[in-house]
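Listed below are the residues making up each chain.
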Amino acid sequence: MMNDHAIDVGDDVVSDDVMRHDDVPDELMSVVTSLTSPRRYVPQWYVYDTRGSELCEQLIQKSETYKLWRHEYSILQTYADDIAGKVSSPAVLVDLGSGGSSKTRLVIEAMLKRHGRLTFVPVDMAKEFILTCGRQLETDYPGLTVEPYGGLYMDGVRHVAARKEPKLLLFLGSSFSNVSIHDQVQMLQDIRAQLNERDRLVLGMDMNTDREALSQAYGEQWAPIWRDNLISRFNKDFNGNMDAEKFEYRCEFVENPPSGDTPSYVVKSLTSSEKQRVRFEKIGLDIDFEDGEKIYFYEGPNTSCKWNLRQLRRLAEKSGFAVDEHWTNDVENYCVICLAPANIIHASFPRSE
Ligand SMILES: C[S@@+](CC[C@H](N)C(=O)[O-])C[C@H]1O[C@@H](n2cnc3c(N)ncnc32)[C@H](O)[C@@H]1O
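Residues numbered from 1 in each chain as written. Predicted model: local features only at pLDDT ≥ 70, side-chain atom pairs only at ≥ 80, totals over all residues. Heavy atoms only, no water.

An unreviewed UniProt entry annotates the chain as Histidine N-alpha-methyltransferase-like originating from Branchiostoma floridae.

(A) Representation of the overall build of the chain. Of regular secondary structure, the chain possesses 10 helices and 16 strands. Whereas a compact globule of 353 residues would reach a radius of gyration of roughly 20 Å, the chain reaches 21 Å, a difference of no more than 12%. Seen through its principal axes, the chain has C-alpha atoms that stretch 60 × 45 × 40 Å. When each of the 353 residues of the chain is scored for burial, the buried share is 55%. Look at the contacts in the chain between residues 6 or more apart in sequence, and 75% of them connect residues 24 or more apart. Mean positive and mean negative side-chain charge positions of the chain (40 and 56 charges, respectively) differ by 4 Å. (Helix = DSSP H or I, 4+ residues; strand = E, 2+ residues; numbered from the N terminus. Rg over C-alpha atoms; globule rule 2.2 N^0.38 Å. Buried < 20%, exposed > 50% of the residue type's maximum accessible area, 1.4 Å probe, protein only. Contact = heavy atoms within 4.5 Å. Lys, Arg positive; Asp, Glu negative; His and termini not counted. Charge placed at Lys NZ, Arg CZ, Asp CG, Glu CD.)

(B) Region of the structure containing the packing of aromatic side chains. A full pass over the atoms with the stated rule returns 16 aromatic pairs. Measuring from ring centre to ring centre gives 5.1 Å for Tyr66 and Trp222, while their planes differ by 75°; the resulting arrangement is edge-to-face. Note that Tyr66 is positioned in the loop between helix H2 (50-62) and helix H3 (68-84) and Trp222 in the loop between helix H8 (211-217) and helix H9 (223-238), a separation of 156 residues in sequence. The buried category is assigned to Tyr66, whose relative accessible area is 8%. On the basis of an interplanar angle of 65° and a centroid distance of 4.8 Å, the ring pair of Tyr153 and Phe171 is categorised as edge-to-face. (Phe/Tyr/Trp six-rings, centres within 6.5 Å; stacked < 30°, edge-to-face > 60°.)

(C) Local environment of the side chain of Ser269. Within the element layout of this structure, Ser269 appears in strand E10 (residues 264-272). We classify Ser269 as buried; its relative accessible area is 4%. Apart from residues no more than four positions distant in its own chain, Ser269 is found in contact with Glu248, Tyr249, Arg250, Lys294, Ile295, Tyr296 and Phe297.

(D) Focus on the site of the ligand. Of all residues adjacent to the ligand, which total 17 residues, the nearest are Gly97, Lys103, Asp124, Tyr153 and Gly173. Met125 places a polar main-chain atom, nitrogen or oxygen, 3.3 Å from a nitrogen atom of the ligand. Backbone polar atom of Tyr153 to a nitrogen atom of the ligand: 3.0 Å apart, as the coordinates give it. Its residues assigned to classes, the shell around the ligand shows seven nonpolar, seven polar and three charged. (Near = heavy atom within 4 Å. Polar contact = N/O pair within 3.5 Å; in protein donor to acceptor, adjacent residues only side chain to side chain. Nonpolar A, V, L, I, M, F, W, Y, C, P; charged D, E, K, R; others polar.)

Below is the structure:
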C-alpha cells in the first residue's frame, strides 16, 4: 500500500498527506519509525546534531559529576604512547563516534610523534560537526591528513576496511556502551570481520557502578541536550509542535550481577507529563502520547553500560578478539582496552543473554 518510503506508524494517526515527504531523507524517516514503534525510542545518532555535539562537548569537559571524559583523558594522557605503539607505521587512525575528538588529540599527538605523518578518519553521524572539527585538527597538527566520514559506525568501518595500512580504531567516550546489549557481540564480530591481524580496536569503557554517583552523572544536567535540543531537532526536521515542557527527562540504573556477562546499565527516557498529541506537519503525522508514556533513549534496553574486567574479557572472547592490553585509572572505575583480532571467531555464542 505504501511507496518506498513507507513507514510503520503503529497506532499513531497518519493523515492523507503523510506520503508527501520526498524532501525528508531516508535516515530521518528511520527516526519516525523508531518514534512511532510500540516501544518508542530515539536512535543513538540522532541525539547529536551540531548543536547537540557542541553542548555535549561543553558538558562532558566541565561537569563536576559526569566524570567519564576526565577519567578517559587521564588514562590517555598516561598511555597514549603505548596505544600509538600498537600499530606499525604508516597507520590510519579511525575514531568511531568521534564527536569533537577532544581526547583523541592525545592519541593523534602520540602517533604523529611516533610515525611522523598520520591519516585520521573521524566517523560520526554529526557530519557538519566533524567537518569543522577536522579542519581545526589539520590546522593544529602539521603532518595530519583528516578524511572525515559522515555516517554510521559500521559504514565507517567498512569504508576503511580495504586500506592497506595498519588501522587503529578508537571507540572512546563509552559510546560502544550505548549500543543495545543484544547487538554488542554481533557488532564487535562485524568489526572483527573487517580487520586484519595488524589492526587494533581500542575501546573506552566505564566501570563505575556507584548508584548515587550515576544518578548525579546522568541526571538533570543533561536535560538541555537530551530533552530541549532533541525536541527542537524533532521540530526543525519535521516541522513539529512538540513542547519540551511537556516531557520530563529521567534516568535510572539497572544493576546486574557482576558474576554474569551482562553489564549493568543506565536507562534514559523522556516521559510525557500529560496525554497529548504531537503534530509533525512536514510528514502529515500525529503522534499520540498517553500520560506517563515514555520515549526511550536508543535502540536497546540500555544506555551507558558499566562493566567489570571479567565481563570485558568475555565480550572480547565472544566477538573474536583477544585482550591485547588494558589500562585503568587510579581508582579503577574506567578502562581503556585494546583488542586484537583473534584467529578464530566464536560465531556460535548467542547474540543476547
Ligand atoms: C558520547 S559522544 C562521544 C564523542 C567522543 N568520541 C568522546 O569520547 O568525547 C558519541 C558520538 O557518537 C556519534 N554517534 C552516535 N551514534 C552513532 C552511530 N550509530 N554512528 C555514527 N556516529 C554515532 C554521536 O554523533 C556523537 O558524536
